[in-house]
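# Tertiary structure, described
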Amino acid sequence: MNNKDILDFINANFTMRSNVNCYNKLNCFVDAMRNNQYYPITDEEIHRGVEYKKAELKSQLKQVGLFFPNEDLHPAEELIEILCDQSLQRFLGFKHSYESLNNNVIFKNKSK
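Residues numbered from 1 in each chain as written. Predicted model: local features only at pLDDT ≥ 70, side-chain atom pairs only at ≥ 80, totals over all residues. Heavy atoms only, no water.

## Here's the deal with the overall build of the chain
Of the regular secondary structure elements, the chain holds four helices and zero strands. Overall, the chain shows an N-to-C arrangement of helices and strands of α-α-α-α. A sequence separation of at least 24 residues applies to 69% of the contacts in the chain between residues at least 6 apart. Summed over its atoms, the accessible surface of the chain is roughly 7800 Å², and 54% of this surface lies on carbon and sulfur atoms. (Helix = DSSP H or I, 4+ residues; strand = E, 2+ residues; numbered from the N terminus. Contact = heavy atoms within 4.5 Å. Areas by Shrake-Rupley, 256 points an atom, 1.4 Å probe, with all protein chains shown as cover.)

In C-alpha cells, the structure reads:
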C-alpha cells in the first residue's frame, strides 16, 4: 500500500461514516421499491446513500488488493463506478416516476 492508497482508504471511511444514515434510508427505499411502494427519501439522500455503497465497495477492493498486489484493480474500480451510477439512475427514476404518478397520495401522507 502506498500513500495514495492509505489516503483513499481514509477518505472512503470518512465518506461511509458521514453517509451511513442516508444509506439506511436508501435500504428502506429499495425495499419499498421492490414491492412497488413508496418510502419518502430526498434526491440528496439517494445520492449520499449510493456514495456510501461506492465507498464501501472501493474500500473492500483496496483490502482485497493487499492480497493480490500485482493485480491491476482499475477495471474493478471502473465496474464499481458503473454499477453505482446505474443504481443511482434507477433509484432516482423510480422515485420521480412514482411521485409524479401518485402526487396527490404522497402529499396527503406528508401532511399527517
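Continuing now.
## Some points on the packing of helix 2 (residues 43-67) against helix 3 (residues 74-101)
At a minimum axis separation of 10 Å, helix 2 and helix 3 run at an interaxial angle of 160°. Here helix 2 lies roughly antiparallel to helix 3, going by the angle between them. Seen along the crossing, helix 2 lies across helix 3 with a hand that is right-handed. Between helix 2 and helix 3, the residues in contact are Asp43, Ile46, His47, Val50, Lys54, Leu57, Lys58, Leu61 and Lys62 and Ala76, Glu77, Ile80, Glu81, Leu83, Cys84, Asp85, Leu88, Phe91, Leu92, Lys95 and His96, respectively. Taken together, the residues of the contact of helix 2 with helix 3 break down into 11 nonpolar, two polar and eight charged. (Axes fitted to C-alpha atoms, helices over the stretch in contact; angles between N-to-C directions. Parallel < 35°, antiparallel > 145°, perpendicular 65-115°, else oblique. Left-handed = near helix turned anticlockwise from the far one by under 90°. Nonpolar A, V, L, I, M, F, W, Y, C, P; charged D, E, K, R; others polar.)

## Looking at the pattern of salt bridges
In this structure the tally under the stated criterion is nine salt bridges. As a salt-bridge pair, Glu45 and Lys25 come within 3.0 Å of each other at their nearest N and O atoms. Pair noted here: Glu45 is in helix 2 and Lys25 is in helix 1 (residues 3-34), with a separation of 20 residues, a long-range link. Given the relative accessible area of 17%, Glu45 is considered buried. (Salt bridge = Lys/Arg side-chain N within 4 Å of Asp/Glu carboxyl O. Buried < 20%, exposed > 50% of the residue type's maximum accessible area, 1.4 Å probe, protein only.)

## Side note on a nonpolar patch on the surface
A contiguous nonpolar patch, built from Val64, Leu66, Phe67 and Phe68 and spanning about 450 Å² of accessible area, is present on the exposed surface. In this structure, Val64 sits in helix 2. A residue is classified by how much of its surface remains accessible, and Val64, at 40% relative accessible area, is partly exposed. (Patch = residues over 30% accessible without salt bridge, like charges linked within 9 Å, V, L, I, M, F, W, Y side chains within 5 Å.)

## Points about the environment of Glu45
A C-alpha to C-alpha distance of 7.5 Å links Glu45 and Lys25, two positions 20 residues apart in sequence. Not counting chain neighbours up to four residues away, the residues in contact with Glu45 comprise Cys22 and Lys25.

## Some remarks on the side chain of Asn19
Topologically, Asn19 is positioned in helix 1. Given a relative accessible area of 6%, Asn19 falls into the buried group. What Asn19 contacts, discounting residues up to four positions off in sequence, is Arg48, Glu51 and Tyr52.

## Comments concerning the packing of aromatic side chains
Any two aromatic rings considered together are summarised by their centre-to-centre distance and by the angle between their planes. Scanning all chains against the criterion turns up five aromatic pairs. Ring geometry for Phe29 versus Phe91: centroids 6.4 Å apart, planes at 85°, classification edge-to-face. In this pair, Phe29 is assigned in helix 1 and Phe91 in helix 3, connecting sequence segments 62 residues apart. Each member of the pair, Phe29 together with Phe91, is buried. One aromatic cluster is present, built from ring pairs that chain together Phe29, Tyr38, Phe91, Phe94 and Tyr98. (Phe/Tyr/Trp six-rings, centres within 6.5 Å; stacked < 30°, edge-to-face > 60°.)

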